[in-house]
Amino acid sequence: MTAVADTFDLLRLIDALAATGHLSHEGYRALILHRMAVESATVAAVGASNTRSDPLTIPDEVTEALATRAAAVRDNMYGRRVFIRGLIEVSNICKNDCYYCGIRASNAACDRYRLEDADILSAAAEGYALGFRTFVLQGGEDGHFSDGRLVPLIRALKSAHPDCAVTLSLGERSRDSYAALREAGADRYLLRHETATAAHYARLHPAGMSYERRMQCLSDLRGLGFQVGCGFMVGSPYQTADDLARDLAFIEAFKPDMCGIGPFIPHKDTPMGGYSAGSVGLTVFLLSIIRLIHPPVLLPATTALGTLHPAGRERAILAGANVVMPNLSPASVRKKYMLYDNKLSDGAESAECLDELRHRMAVIGHEVIVERGDVRK
Ligand code: 5AD
């Protein structure tokens, strides 16, 4: 097949995806392999010296057509309005030992902390004054955050800020626990599925963790009436185009309310510290596909994208994303929530610098909005 026919076929795949929200495994795989080929050709052409700044700027007709379609679909659903979430990292203590993650239990070099309720409530109050109407409590799987501690905390947050949404991102819990948190007033839950391929899941996690349990949690959360977010890393060790195609098929089937994807970034004190980072360009490309699969999805331009590329978040918004999650954690703990090396927590990444974020979004024609930003049903 010639390059021209190839492009024509890929553009037809994008049309079909936009029209139906569906592609076959082979269809997703062809799009992913195309983007991978563009990037490796670019790297070959400009040389390894340039691989740190991702080959984002190399013009590619297919990538551009996809991003344009995805942005139009996002505009139609939400307009050029960027929802913001205040991220409060409540604890970096974690019982799990995920091979890629900087706060894994076995990382003795990680300086552990756990916030008090008073810290969390004052971070939220500060966030409210800045214009945040969603608070995300995110943390490792820290047994200290029992239902007994979380239920009154969620109630206190909701009564202090009745016009705000509370999102939890606290890992795997029992259905009963999720039910108690939902009953207390939590609106949304983020739990990345990490990979929709069981064998790949097993290579990223130790034996005690399972893909089936992860999926069970997502289905429990959905059943309890949470707005549910899943997501995955792009370029995680051993990941193939087939694995990514299965992630897309999973998203097609699950239709998440939110979907967080970001490039894998090595953390030096983990078993996967020697692998190379995922690609910003491929991540942005996948964001566009996900927007076309499920138009109402809330798609964050993630911190990992901003960490790997100075314009990573803008590229994500221009390709169909519509959420940014600045850090609202107390400044004293921000550097301790190091999921991967060099994780950003300042500049447009921090809640205090919302004006910088507003400006950066305005430059690309988007407006940061003060509202809960629920998923459109
Ligand atoms: N690189 C990128 N993302 C990571 N996460 C954890 N470790 C890394 C890493 N090294 C992501 C996972 C997890 C979320 C909390 O952060 O997807 O779900």
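Higher on the page you've got the structure.
Quick notes on the rules
Residues numbered from 1 in each chain as written. Predicted model: local features only at pLDDT ≥ 70, side-chain atom pairs only at ≥ 80, totals over all residues. Heavy atoms only, no water. Helix = DSSP H or I, 4+ residues; strand = E, 2+ residues; numbered from the N terminus. Rg over C-alpha atoms; globule rule 2.2 N^0.38 Å. Buried < 20%, exposed > 50% of the residue type's maximum accessible area, 1.4 Å probe, protein only. Contact = heavy atoms within 4.5 Å. Near = heavy atom within 4 Å. Polar contact = N/O pair within 3.5 Å; in protein donor to acceptor, adjacent residues only side chain to side chain. Areas by Shrake-Rupley, 256 points an atom, 1.4 Å probe, with all protein chains shown as cover. Nonpolar A, V, L, I, M, F, W, Y, C, P; charged D, E, K, R; others polar. Disulfide = S-S within 2.5 Å.

Draft legend 1. Structural context of the overall build of the protein. If you tally the helices and strands in the protein, you get 14 helices and 9 strands. Expected size for 377 residues packed as a compact globule is a radius of gyration near 21 Å; at 20 Å, the protein falls within 12% of this value. For the protein, the spread of C-alpha atoms along the principal axes amounts to about 65 × 45 × 40 Å. Residues counted as buried form 58% of the 377 residues belonging to the protein. A separation threshold of at least 6 residues defines the contact pool for the protein, and within that pool the share at least 24 residues apart is 76%.

Draft legend 2. Structural context of unusual backbone geometry. Residue Glu-194 is not a glycine yet carries a positive backbone phi of 75°. The phi torsion at Asn-342 lies on the positive side, around 65°, for a residue other than glycine. Mapped onto the secondary structure, Asn-342 falls in the loop between helix H13 (331–334) and helix H14 (354–363).

Draft legend 3. Examining the site of the ligand more closely. Near the ligand you find Tyr-100, Cys-101, Arg-192, Glu-194, Met-233, Pro-263, Phe-264, Ile-265, Leu-339 and Tyr-340, and these make up its full shell. Contacts to the ligand include Glu-194, whose side-chain N or O atom sits 2.5 Å from an oxygen atom. Ile-265 is positioned with one of its backbone polar atoms (N or O) 2.7 Å from a nitrogen atom of the ligand. Within the complex, 87% of the 400 Å² of free accessible area of the ligand lies under protein. Residues that form the shell around the ligand fall into these classes: 8 nonpolar, no polar and 2 charged.

Draft legend 4. Spatial organisation of the side chain of Glu-252. If you trace the backbone, Glu-252 turns up in helix H9 (residues 241–254). The residues contacting Glu-252, other than those within four sequence positions of it, are Gly-21, His-22, Leu-23, Tyr-28 and Ile-293.

Draft legend 5. Molecular detail of the state of the cysteines. Counting across every chain of the model gives 0 disulfides. With no disulfide of its own, Cys-110 has Cys-101 as its nearest cysteine by sulfur position, at a separation of 8.6 Å.

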